[in-house]
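Observations on chain architecture
As a plain string of letters, each chain reads:
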Amino acid sequence: MMRKQGKMPNAISSDAYDTEYGKRTGLTVQKDKVKKGDRVLIIDDLVATGGTLSSAINLVHMLGGEVVECACVVELKMFIDPSEESGLPSRTKLFKSSNINHVPVWGLISEDVLTNEATLPEGYVDDGEEH
């Protein structure tokens, strides 16, 4: 498990990194949790610019592990490779500049699903119960 700095003992920290929300101080992992040659799957709740994932990948590499892929519950695809005119940060450029573009990233849900409006069938009546 990786956490923010100051949250766990006997930990090693990654460098500071940027996210879509601003600068972060780095991630930490306990020193004995990743060993040389370990194959690691990184799981995160959301990937946007890739700042947190790149920090996690670099932390695993610092400890001698290999990240085989990153799995995320939600992926904001607009940050994968936006046009220069958009002004959005590019996850593709970040991964290339960090030399980690070989690590696959996939999302269970993309933002497309999050923007769909639900519709109720005609005649639907809410019974007031949670289901």
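Residues numbered from 1 in each chain as written. Predicted model: local features only at pLDDT ≥ 70, side-chain atom pairs only at ≥ 80, totals over all residues. Heavy atoms only, no water.

A look at a negative patch on the surface
Residues Asp126, Asp127, Glu129 and Glu130 make up a contiguous surface patch of negative charge. Looking at the secondary structure, you find Asp126 in the segment after helix H3 (111-114). Taking relative accessible area as the criterion, Asp126 reaches 55% and is therefore assigned exposed. (Patch = residues over 30% accessible without salt bridge, like charges linked within 9 Å, V, L, I, M, F, W, Y side chains within 5 Å. Areas by Shrake-Rupley, 256 points an atom, 1.4 Å probe, with all protein chains shown as cover. Salt bridge = Lys/Arg side-chain N within 4 Å of Asp/Glu carboxyl O. Lys, Arg positive; Asp, Glu negative; His and termini not counted. Charge placed at Lys NZ, Arg CZ, Asp CG, Glu CD. Helix = DSSP H or I, 4+ residues; strand = E, 2+ residues; numbered from the N terminus. Buried < 20%, exposed > 50% of the residue type's maximum accessible area, 1.4 Å probe, protein only.)

Observations concerning the layout of surface pockets
What the largest pocket holds in volume is close to 640 Å³. Lining of the largest pocket is provided by 30 residues; of these, Tyr17, Leu27, Asp44, Asp45 and Thr52 occupy positions nearest its centre. Breaking the lining of the largest pocket down by element, the ones donating at least two residues are strand S1 (3-4), strand S3 (17-19), strand S5 (27-30), strand S6 (39-47) and helix H1 (51-62). Looking at which element gives the most residues to the lining of the largest pocket, the answer is S6, with eight residues. In this structure, the second largest pocket encloses a volume near 300 Å³. Along the wall of the second largest pocket there are 18 residues; nearest its centre are Tyr17, Asp18, Gly51, Ser54 and Leu94. Those elements giving two or more residues to the lining of the second largest pocket turn out to be S3 and H1. Ranked by residues supplied to the lining of the second largest pocket, first place goes to H1 with five residues. Taken together, the residues that form the lining of the second largest pocket break down as five nonpolar, nine polar and four charged. (1 Å grid on protein atoms, 1.4 Å probe; cavity = no way out; pocket = protein on both sides within 12 Å on 5 of 7 lines; lining within 4 Å. Points joined across faces, edges and corners; volume = space filled by probe spheres on them. Nonpolar A, V, L, I, M, F, W, Y, C, P; charged D, E, K, R; others polar.)

Here we look at the environment of Thr25
With respect to the helices and strands, Thr25 occurs in the loop between strand S4 (22-24) and S5. Among the residues examined, Thr25 registers a relative accessible area of 53% and is labelled exposed. Considering only alpha carbons, one finds Thr25 and Lys4, 21 residues apart in sequence, at a separation of 7.5 Å. Not counting residues up to four positions away in its chain, the partners in contact with Thr25 are Gln5, Ser14, Asp15 and Ala16. (Contact = heavy atoms within 4.5 Å.)

As for the pattern of salt bridges
A side chain of one charge can pair with a side chain of the opposite charge if their charged atoms are brought near each other. According to the stated counting rule, one finds six salt bridges in the structure shown. With a shortest N-O distance of 3.5 Å, Lys23 and Asp18 are connected by a salt bridge. Lys23 gets classed as exposed once you look at its relative accessible area, which sits at 58%. Among the residues examined, Asp18 registers a relative accessible area of 48% and is labelled partly exposed. Close ionic contact of Lys77 with Glu75 constitutes a salt bridge, the shortest N to O distance being 3.3 Å. Taking relative accessible area as the criterion, Lys77 reaches 40% and is therefore assigned partly exposed. Among the charged side chains, a network of salt bridges with common partners joins Glu75, Lys77 and Arg91.

Here we look at the pairing of S6
Sheet faces and side chains relate simply in a regular strand, where the side chains alternate between the two faces. Looking at chain direction, S6 and strand S7 (residues 66-75) are connected through eight bridges and run parallel. Directly across from Ile43, in S7, lies its bridge partner Ala71. As a crossover connection, the stretch from S6 through H1 into S7 is right-handed. (Pairing = 2+ DSSP bridges. Right-handed = clockwise from strand over helix to strand, strands pointing away.)

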